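# Per-entry structural report
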Amino acid sequence: MFDRNLDRVSLPVTEPQAAAPALPDAQTVRSVTHWTDSLFSFRVTRPQSLRFRSGEFVMIGLLDERGKPLLRAYSIASPAWDDELEFYSIKVPDGPLTSRLQHIQPGEQIILRPKPVGTLVHDALLPGKRIWFLATGTGIAPFASLMREPETYEKYEQVIMMHTCRTQAELEYGRQLVESLTDDPLIGEMVAGKLIYYPTTTREPSDHMGRITDNLASGKVFADLGVAPMNPADDRAMVCGSLAFNIDVKAVLEGFGLREGANSEPREYVVEKAFVGDGI
């Protein structure tokens, strides 16, 4: 039996003393949670001037050995209304950034460039009745933001979060987030009856298994959830994962008749191309 608490270590800080800015665009780490030996999340202070749309990403990082900013694109996992910014990351042992970022502690600083961008925003989709959030691994981060965004439930009658990881432990961040939403004082009533969570694993046995592409193409997810198959009149989708995952999902979505959109040309689905993958 998997002990959900075994590998998770939370390092909260109530009121950290904000250090004098020593980094360019410095923000202070407020809390860190290690979910597994390869996944962690952290929250930092939010610049007062920062405005973003739920689902967007920013560049964050640290100084390298030469004192130069080492930055990578990270989706903001907190919603646009949150007072802090949350990020969810993989740990890459030899990654130039995450090999160091994974050791950050509350009270320390990171670099955060306050210029949010991204395609996983509601404005990039045409109006529809049902939206699908499709993610692997830490690709759930922008959807952690969008699932906490009131506009998501105002725009859609049904919200389906499909998240696939290798093991159940790697799903824990998303599971806890989804389970907490019905008790959220801002959106709890909006979420009830609208949000459907469909987690799957690919290596460890679980209630639902298989890749997102396979479960969509075979129709298994529709049968499991008792919902109608995708169609371009009603369905919209957002995709975030590795490059290979994005390419495969695009083919499946287009097989259902959905077309890829963008901020400048809204259509039925959008893909985040700046996802942080291996080697970060």
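Residues numbered from 1 in each chain as written. Predicted model: local features only at pLDDT ≥ 70, side-chain atom pairs only at ≥ 80, totals over all residues. Heavy atoms only, no water.

### Focus: the confidence of the model for the chain
In this model, the chain carries a mean pLDDT of 91, and residues with pLDDT of at least 70 account for 90%. Contacts for the low-pLDDT stretch residues 11-21, under 50 throughout, to residues beyond four places or in other chains number 21 contacts. Under a pLDDT of 50 for its full length, residues 276-280 has, in the predicted model, 15 contacts with residues more than four places off or in other chains. (pLDDT = per-residue confidence, 0-100. Contact = heavy atoms within 4.5 Å.)

### A word on the nonpolar core
Counting 31 residues, the largest nonpolar core has Phe133, Phe143, Met147, Leu195 and Met238 as its most contacted members. Among the elements of the structure, strand S8 (130-136), helix H2 (141-146), strand S9 (158-165), helix H4 (172-181) and strand S11 (235-240) are those that each provide at least two residues to this core. (Core = buried A, V, L, I, M, F, W, Y, C linked by side-chain atoms within 4.5 Å. Buried < 20%, exposed > 50% of the residue type's maximum accessible area, 1.4 Å probe, protein only. Helix = DSSP H or I, 4+ residues; strand = E, 2+ residues; numbered from the N terminus.)

### Looking at the pattern of salt bridges
This model, assessed by the stated rule, comprises 18 salt bridges. A salt bridge links arginine 53 to glutamate 56; the nearest nitrogen and oxygen atoms lie 3.1 Å apart. Here glutamate 265 makes a salt bridge to arginine 267, at a shortest N to O gap of 2.9 Å. (Salt bridge = Lys/Arg side-chain N within 4 Å of Asp/Glu carboxyl O.)

### Quick word on helix H8 (residues 243-255)
Helix length check: H8, at 13 residues, gives a terminal C-alpha distance of 19 Å against a target of 18 Å (1.5 Å per residue), a fit within 8%. Within H8 the residues assigned to the buried category are Phe245, Asn246, Val249, Val252 and Leu253. On an axial view of H8, the arc spanned by its buried residues comes to 130 degrees, and they lie on one face. Exposed and facing more than 90 degrees away from the buried side of H8 are Leu243, Ile247, Ala251 and Gly255. The elements touched by buried residues of H8 are S8, helix H6 (212-217), S11 and strand S12 (269-271). (Expected span 1.5 Å × (residues − 1). Arc of directions from axis to C-beta.)

### Brief notes about the sheet that holds S9
The five strands lie next to each other as S10-S9-S8-S11-S12, forming an open sheet whose pairing is parallel. Each edge of the sheet is formed by a strand with only one pairing partner; in this case those strands are strand S10 (195-201) and S12. Each adjacent strand pair in this sheet contributes to an overall mean axis angle of 10 degrees, direction not counted. Against the sheet, H8 contacts S8, S11 and S12, and its axis sits at roughly 170 degrees relative to S11. (Pairing = 2+ DSSP bridges. Axes fitted to C-alpha atoms, helices over the stretch in contact; angles between N-to-C directions.)

### Quick word on the packing of aromatic side chains
Describing an aromatic ring pair means giving the distance of the ring centres and the angle of the ring planes. On inspection of all chains with the given rule, the structure shows eight aromatic pairs. For the pair tyrosine 74 and phenylalanine 87, a centre-to-centre distance of 6.4 Å together with 90 degrees between the ring planes defines the contact as edge-to-face. Residue tyrosine 74 is found in strand S5 (residues 69-75), and its partner phenylalanine 87 is found in strand S6 (residues 84-90); the two are separated by 13 residues along the sequence. Residue phenylalanine 87 is classed as buried on the basis of its relative accessible area of 0%. Ring centres of tyrosine 88 and tyrosine 173 lie 4.0 Å apart, and the angle between their planes is 10 degrees; this geometry places the pair in the stacked category. One end of the pair, tyrosine 88, is in strand S6; the other, tyrosine 173, is in helix H4, and 85 residues separate them in sequence. The pair formed by tyrosine 88 and tyrosine 173 is uniform in burial state, with each residue classed as buried. (Phe/Tyr/Trp six-rings, centres within 6.5 Å; stacked < 30°, edge-to-face > 60°.)

### Points about H4
Counting buried positions over the 10 residues of H4 gives seven, a clear majority of the element. What H4 keeps buried is the set Glu172, Tyr173, Gly174, Arg175, Leu177, Val178 and Leu181. Contacts from the buried residues of H4 go to strand S3 (39-45), S6, H2, helix H3 (150-155), helix H5 (188-191) and S10.

### Examining the environment of glutamate 157
Relative to the elements of secondary structure, glutamate 157 occurs in the loop between H3 and S9. Exposure remark for glutamate 157: the relative accessible area of 56% places this residue in the exposed category. Among residues more than four places away in sequence, those in contact with glutamate 157 are Lys129 and Lys194.

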